[in-house]
Amino acid sequence: MSARDSQRARVYESETLLRTMIDRADAADAGRSVEIGGSTVTLPIERRFASIDSVQTYVDAVLARGDVRRRYSRASRRCRVRARAGQGAAHYEHDAAVIAVPLHVAGRAWAMRELVVLHEIAHHLEDRDPETTPHAAHGPEFTARFLDLLDRVVGPEAAFVLRCIFGRNDVRVG
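Quick caveat, the model's predicted, so the values are computed rather than measured.

Colleague: Please set out the sheet that holds strand β5 (residues 98–102) residue by residue, giving values where relevant.
Modeller: What links the strands of a sheet is backbone hydrogen bonding, and the strands pair in either a parallel or an antiparallel sense. The strand order across the open sheet built from three strands is β3-β5-β4, with neighbouring strands paired in mixed fashion. What marks the edges here is a single partner per strand, and that holds for β3 (80–84) and β4 (91–93). Geometrically, the sheet is characterised by an average inter-axis angle of 30° between neighbouring strands, direction not taken into account. The pairing of β3 with β5 spans five bridges and is classified as parallel. Bridging from a neighbouring strand, R84 pairs with P102 of β5. Docked against the sheet, helix α2 (residues 52–64) engages β3 and β5, running at close to 150° with respect to β3.

Below, the structure written as structure tokens:
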């Protein structure tokens, strides 16, 4: 039982653009600065993960942060990480509190990166039960939670850039 997830594609498109910007900054000799929203911003360095164990360590550390625990009651609930078979996207299993991450697609571990894992942690931190309370999985509450996590964990620059991209893509933030 869920509401129509009408902005899901726009959320994914926005996150893909942010990841692409960070990837290009990683590869460029010119520096990490970008102009967006009338500001020049230095893009942060994004963590990458080599194994499911390293993703699990990261998830545990994020959920153990005092600021995250104070803000989100579900941060105290353990969230396991497992490998996901196939080439699909990472996803979150609410009932089991599990993040499933594909390891390698075409020789690249595209999902083994901080922004993808934080997206799934943002699903984990949702207080309501999606089975009993209709809502859009990528609705305004989710985007606000994800931006808050980006700000706290990766840095305000990443959150600012994604907020600007959300604005350009008509993604609602609540």
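Colleague: Can you lay out the packing of α2 against helix α4 (residues 114–124) for me, pointing to particular residues and giving the numbers?
Modeller: With their axes 11 Å apart at the nearest point, α2 and α4 run at an angle of 50° to one another. It follows from the interaxial angle that α2 and α4 lie oblique. By crossing handedness, the relation of α2 to α4 is classed as right-handed. Residues V55, Y58, V59, V62 and L63 of α2 lie in contact with α4, whose contacting residues are E114, V117, L118, I121 and H124.

Rules behind the numbers
- Residues numbered from 1 in each chain as written.
- Predicted model: local features only at pLDDT ≥ 70, side-chain atom pairs only at ≥ 80, totals over all residues.
- Heavy atoms only, no water.
- Pairing = 2+ DSSP bridges.
- Helix = DSSP H or I, 4+ residues; strand = E, 2+ residues; numbered from the N terminus.
- Axes fitted to C-alpha atoms, helices over the stretch in contact; angles between N-to-C directions.
- Contact = heavy atoms within 4.5 Å.
- Parallel < 35°, antiparallel > 145°, perpendicular 65-115°, else oblique.
- Left-handed = near helix turned anticlockwise from the far one by under 90°.

Just distances and angles here, no functional claims.
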